[in-house]
Amino acid sequence: TEMNHTKGGLLIFTANSHPSSRELSKRIAERLGVELGKVQVYQEDNRETRVQIQESVRGKDVFIIQTMSKDVNTTIMELLIMVYACRTSCARSITGVLPYFPYSKQCKMRKRGSIVTKLLASMMCKAGLSHLITMDLHQKEIQGFFNIPVDNLRASPFLLQYIQEEIPDYRNAVIVAKSPASAKRAQSFAERLRLGIAVIHGEAQDAESDLVDGRHSPPTVKTTGAIHPSMEIPLLIPKEKPPITVVGDVGGRIAIIVDDIIDDVDSFLAAAETLKERGAYKIFIMATHGILSSDAPRLIEESPIHQVVVTNTIPHELQKLQCPKIQTVDISMILSEAIRRIHNGESMSYLFANIGVDD
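Rules behind the numbers
- Residues numbered from 1 in each chain as written.
- Predicted model: local features only at pLDDT ≥ 70, side-chain atom pairs only at ≥ 80, totals over all residues.
- Heavy atoms only, no water.
- Helix = DSSP H or I, 4+ residues; strand = E, 2+ residues; numbered from the N terminus.
- Expected span 1.5 Å × (residues − 1).
- Buried < 20%, exposed > 50% of the residue type's maximum accessible area, 1.4 Å probe, protein only.
- Pairing = 2+ DSSP bridges.
- Axes fitted to C-alpha atoms, helices over the stretch in contact; angles between N-to-C directions.
- Contact = heavy atoms within 4.5 Å.
- Salt bridge = Lys/Arg side-chain N within 4 Å of Asp/Glu carboxyl O.
- Polar contact = N/O pair within 3.5 Å; in protein donor to acceptor, adjacent residues only side chain to side chain.
- Core = buried A, V, L, I, M, F, W, Y, C linked by side-chain atoms within 4.5 Å.
- Parallel < 35°, antiparallel > 145°, perpendicular 65-115°, else oblique.
- Nonpolar A, V, L, I, M, F, W, Y, C, P; charged D, E, K, R; others polar.
- Phe/Tyr/Trp six-rings, centres within 6.5 Å; stacked < 30°, edge-to-face > 60°.
- Lys NZ or Arg CZ within 6 Å of the ring centre and 35° of its normal.

K.L.:
How would you sum up helix H9 (residues 332-344)? Please name residues and give values.
P.N.:
Between its first and last C-alpha, H9 extends 18 Å over 13 residues, near the 18 Å set by a 1.5 Å rise per residue. Taken together, the buried positions of H9 are occupied by Ser332, Ile334, Leu335, Ser336, Glu337, Ala338, Ile339, Arg340, Arg341, His343 and Asn344. One or two steps after H9, the chain reaches Gly345, where phi turns positive at roughly 65°.

K.L.:
Which residues make up the sheet that holds strand S6 (residues 131-135), and what values do they have?
P.N.:
Ordered by their spatial adjacency, 5 strands build an open sheet running S1-S4-S5-S6-S7, and the pairing between neighbours is parallel. Unpaired on one side and paired on the other, strand S1 (10-14) and strand S7 (150-153) mark the two borders of the sheet. Going across the sheet, the axis of each strand differs from the next one's by a mean of 20°, ignoring polarity. Both strand S5 (residues 93-98) and S6 contribute to a ladder of 4 bridges, which runs parallel. Bridging across to S6, Gly96 finds its partner in Leu132. Contacts between helix H2 (residues 72-88) and the sheet are confined to S1, strand S4 (61-65) and S5, with S4 contributing the most and set at about 170° to the helix.

K.L.:
Lay out the pattern of salt bridges with the relevant residues and their values.
P.N.:
Under the definition given, this model contains 13 salt bridges. Salt bridges here are not isolated pairs; linked through shared partners, they connect Glu337, Arg340, Arg341 and Glu346.

K.L.:
Tell me about unusual backbone geometry, and please be specific about residues and values.
P.N.:
You will see that Cys90, though not glycine, has its phi angle at about 65°, which is positive. Positive phi is not limited to glycine here, since Asn354 has a value of about 60°. Inspection of the secondary structure puts Asn354 in the segment after H9.

K.L.:
So what about the side chain of Asn152? Which residues, and what values?
P.N.:
Along the polypeptide, Asn152 turns up in strand S7. At a separation of 3.1 Å, a polar atom in the side chain of Asn152 contacts the main-chain amide nitrogen of Asp136. Within the structure, the side chain of Asn152 is placed 3.1 Å from the backbone nitrogen of Leu137, a separation counted as a polar contact. Filtering out sequence-adjacent residues up to four positions away, Asn152 remains in contact with Thr134, Met135, Asp136, Leu137, Lys140, Gln143 and Phe352.

K.L.:
Explain the nonpolar core to me, using residue names and the numbers behind them.
P.N.:
Core analysis: the biggest nonpolar cluster contains 42 residues, and Ile175, Ile256, Met286, Leu335 and Ile339 have the highest contact counts within it. Ranked by the residues each element gives to this core, the list is headed by helix H4 (residues 156-166), at 5 residues. Setting aside its immediate chain neighbours within four residues, Met286 contacts Leu159, Tyr162, Ile163, Ile167, Ile256, Ile257, Val258, Asp259 and Val309. The next biggest cluster of nonpolar side chains, apart from the first, holds 37 residues, and it includes Val41, Val57, Val62 and Cys86.

K.L.:
Give a detailed account of the sheet that holds strand S11 (residues 254-262), specifying residues and quantitative values.
P.N.:
A sheet is described by the order of its strands in space; here 7 strands give the open sequence S10-S9-S8-S11-S12-S13-S14, paired in mixed fashion. Across the chains shown, the open sheet's two edge strands, defined by having one partner strand only, are strand S10 (245-247) and strand S14 (326-329). Shown here is a sheet whose adjacent strand axes are inclined to one another by a mean of 25°, direction ignored. As paired elements, strand S8 (residues 173-177) and S11 share 4 bridges and run parallel to each other. Following the sheet pairing, Ile175 is matched in S11 by Ile256. The strands touched by H4 are S11, strand S12 (282-290), strand S13 (307-311) and S14; relative to S12, the strand with the most contacts, the crossing angle is about 155°. Lying on the sheet, helix H6 (residues 266-277) is in contact with S8, strand S9 (196-201), S10, S11 and S12; it crosses S11 at an angle near 170°.

K.L.:
Talk me through the packing of H2 against helix H3 (residues 116-127); I want residue IDs and the actual numbers.
P.N.:
The relative placement of two packed helices is expressed as an angle between their axes plus a distance between the axes. The interhelical angle for the contact between H2 and H3, taken along N-to-C directions, is 25°, at an axis separation of 8 Å. Here H3 runs roughly parallel to H2, going by the angle between their axes. Along its contact with H2, which presents Ile76, Leu79, Leu80, Val83, Tyr84 and Arg87, the element H3 presents Leu120, Met123, Met124, Lys126 and Ala127. Considering only residue class, the contact of H2 with H3 consists of 9 nonpolar, no polar and 2 charged.

K.L.:
So what's going on with the packing of aromatic side chains? Which residues, and what values?
P.N.:
Under the counting rule described, the total for this entry stands at 1 aromatic pair. A ring pair is formed by Phe101 and Phe146, whose centres lie 5.5 Å apart and whose planes are at 80°; its orientation type is edge-to-face. Here Phe101 is found in the loop between S5 and H3, whereas its partner Phe146 is found in the loop between S6 and S7, with 45 residues between them in sequence. When the ring centre of Phe268 is taken as reference, the NZ or CZ atom of Lys178 above it lies at 4.9 Å.

So, in structure tokens, the structure goes:
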């Protein structure tokens, strides 16, 4: 795979000021056989972000690889300033490579909230982004928030490969969705591995429950329809979750819980406990994005979970030091191939082979 040098240069930058966040960019540049572009990104004493590009970007295809650090908002600002700097310096195209798209969980309207993902998409387009490469968006419809092309690459082939190669007895496994919300993902894993599926549902509130929605709080006064005193507007009955049930058999099996993001581990731990009670003898967690914030590593280390497998879309070296159970799968390969194909004007369809509407 030789780089096509006739099409103007390719420049790969990272706008991360954090050294740990540059790891993935280094890997990608190495695979492409190019040097990382020279740029200075730093926070001044007054906490303002300053970006200085130290080589010419005029007429170049610029790729900015930005992985999310602990300080998400700074990371976003670094990217926006960098994109704008490239645009005002006449770059031919500016492609953002955000393996994990930040704020992607806030992509639905909550009561008196806002759809932050859409706001962020607009900001990026406004700054001058002309193409986005990302991985496993929390909801694939987020692609529609952008008025530029978005490539939503998948990490599942890497995780499936890990299951087949690193879990010796995986034929005796069952793929588990810790809530009906992630059942689609579990189904897509199970069908590819020719395994069974189990879905947990019930009392244990998951992150996107309706409780946080505020819709459970009853109106203080009995409101009647304003049209006519005798007419009453029917209101939705609040949900009552059943006690925890596991649909599907996990007894004497390896349970592999699959999800897209693992951040707050409470729901995963609850799921693991439930599976243990139902006779699962080994529990794995597979997720694309390992955010693992606050004391997640400690909680995992103390839990009955055998292993947590995540990809390196988000740097988590510190978490791994606290918790040897965390395993990393490297996905720099698919990102570098995407960059190479886009730069050379080749088709991307190969990277989306066998991806259905639901995957």
